[in-house]
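Here are the chains, one letter per residue:
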Amino acid sequence: MTTNNKKKVCLYARVSTDQQANGLESQVRALKIYCEHNGITEFEIYTDENISGAKESRPSLNRLMADVEADQVSQVVCFSFSRFARSTTHLLKGLQKFKDKGVLFVSLSEKVDTGSAMGMAIFTILGAISQLERELIAERVRNGLANARAKGKILGRKKMRNSVLIRELLKSGLSYRAISLIAKCSHGSVHAEKKAMLAEENLLAKKQEQEALKNQNEKAANDALIAKALTKKSPAVIFPEAA
């Protein structure tokens, strides 16, 4: 395996607790053996200790990704997927960045190398799994919200502003500052209420326009039927001749 001499090979290792020092050492040892077997003599080791893999932001990993972004890396090697990321989404995000930057990724435990056809196939599969994961999460959120609404629960932050008063003051033409002082609320609340009021007015105007168009079409159709009935020729009446 050849590497770009102008760039470095990064070895990444991580353990969740400071009680796993031996685990960190064994990971680093395995990574060094990999480099030895593949003729890699120039490398840099990045280690995160006492940090969960569920956290996307880690000091050494952040530094590694910054080096990748700066085009200083040719290859990233880790002991296993779980050392780099716990979630499929996080892993795929990292792999996509490596792909965009032309950086090879190697996982020793899974024997995955994105420089090979099998490695790229696994990358594609992970992408599909990540998409499925996002869709399942979104579906669970939607179902949870629907269930909460069905039970009569009020979702979101409770609105504290006096909407009726703010709208009346807005219609009177007062400034945001004056309204916020009278209604005892922030300028942002006044703006939010105005935005909501305009949205409701636009929706009402659209409904009225649709209703008017519907009535107009119905009237035109009725007028056409009446006109057709009036212009329809009556059958001729033949009177018998007088005897």
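Please refer to the structure higher up on the page.
Computed from a prediction, not measured in an experiment: that's the story for all the values here.

(A) Representation of the overall build of the protein chain. In terms of helices and strands, the protein chain carries eight helices and five strands. The order of α-helices and β-strands along the protein chain, N terminus first, is β-α-β-α-β-α-α-β-β-α-α-α-α. Within the protein chain, contacts between residues at least 6 apart in sequence are counted, and of these 66% link residues at least 24 apart. Carbon and sulfur atoms provide 56% of the accessible area of the protein chain, an area that totals close to 16,700 Å².

(B) The arrangement of the nonpolar core in detail. Within the largest apolar cluster, 21 residues are counted, with the highest numbers of intra-cluster contacts made by Leu64, Val76, Phe84, Phe98 and Phe105. Elements with a minimum of two residues in this core: β1 (8–15), α2 (59–69), β3 (73–78), α3 (81–84), α4 (88–100) and α5 (117–150). Judged by nonpolar contacts, the second largest core, of 13 residues, contains Val9, Ala13, Tyr34 and Ile40.

(C) Spotlight on the pairing of strand β4 (residues 104–107). Bridge count between β3 and β4: four bridges; the pairing is parallel. What sits directly across from valine 77, in β4, is valine 106. With two bridges joining them, β4 and strand β5 (residues 112–113) adopt antiparallel strand pairing. Bridge pairing links serine 107 to valine 112 in β5. Counting the residues that bridge the hairpin from β4 to β5 gives four residues, and of these lysine 111 lies at a positive phi of roughly 55°.

(D) The packing of aromatic side chains, seen in detail. Scanning the model with the defined rule gives five aromatic pairs in all. Taking 5.8 Å as the distance between ring centres and 55° as the angle between the ring planes, the aromatic pair formed by phenylalanine 84 and phenylalanine 98 counts as tilted. Taken as a pair, phenylalanine 84 in helix α3 and phenylalanine 98 in helix α4 lie far apart in primary sequence, 14 residues in all. Across this residue pair, the class does not change: phenylalanine 84 and phenylalanine 98 are buried. Summarising the aromatic geometry, the rings of phenylalanine 98 and phenylalanine 105 are spaced 5.7 Å apart at their centres and angled 20° between planes, so their arrangement reads as stacked. Take phenylalanine 98: its relative accessible area is 1%, and that puts it in the buried class. Three or more aromatic residues link up through ring pairs in this structure, and these residues are Tyr12, Phe81, Phe84, Phe98 and Phe105.

(E) Expanded view of unusual backbone geometry. Even without being a glycine, aspartate 71 presents a positive backbone phi close to 60°. Within the secondary structure, aspartate 71 sits in the loop between α2 and β3.

(F) Broad picture of the pairing of β3. Most of β3 sits inside the fold, with six of its six residues counted as buried. Strand direction decides the pairing type here: β1 and β3, joined by five bridges, are parallel. Residue pairing for β3: lysine 8 is matched across the bridge by valine 73.

(G) Examining the packing of helix α7 (residues 176–183) against helix α8 (residues 187–231) more closely. Across the interface, α7 lies against α8 with an axial gap of 9 Å and an inter-helix angle of 105°. By the angle class used here, α7 and α8 are roughly perpendicular. Residue-level inspection shows Tyr176, Arg177, Ile179 and Ser180 of α7 in contact with α8, the latter providing His187, Val190, His191 and Lys194. Looking at the contact of α7 with α8 residue by residue, the class counts come to three nonpolar, three polar and two charged.

(H) Quick peek at the sheet that holds strand β2 (residues 43–49). Here five strands make up an open sheet; going across it, the order is β2-β1-β3-β4-β5 and the pairing mixed. Each edge of the open sheet is held by one strand with a lone partner, namely β2 and β5. Its contacts with the sheet put α2 on β1, β2 and β3, and the angle it makes with β2 is roughly 145°.

Rules behind the numbers
Residues numbered from 1 in each chain as written. Predicted model: local features only at pLDDT ≥ 70, side-chain atom pairs only at ≥ 80, totals over all residues. Heavy atoms only, no water. Helix = DSSP H or I, 4+ residues; strand = E, 2+ residues; numbered from the N terminus. Contact = heavy atoms within 4.5 Å. Areas by Shrake-Rupley, 256 points an atom, 1.4 Å probe, with all protein chains shown as cover. Core = buried A, V, L, I, M, F, W, Y, C linked by side-chain atoms within 4.5 Å. Buried < 20%, exposed > 50% of the residue type's maximum accessible area, 1.4 Å probe, protein only. Pairing = 2+ DSSP bridges. Phe/Tyr/Trp six-rings, centres within 6.5 Å; stacked < 30°, edge-to-face > 60°. Axes fitted to C-alpha atoms, helices over the stretch in contact; angles between N-to-C directions. Parallel < 35°, antiparallel > 145°, perpendicular 65-115°, else oblique. Nonpolar A, V, L, I, M, F, W, Y, C, P; charged D, E, K, R; others polar.

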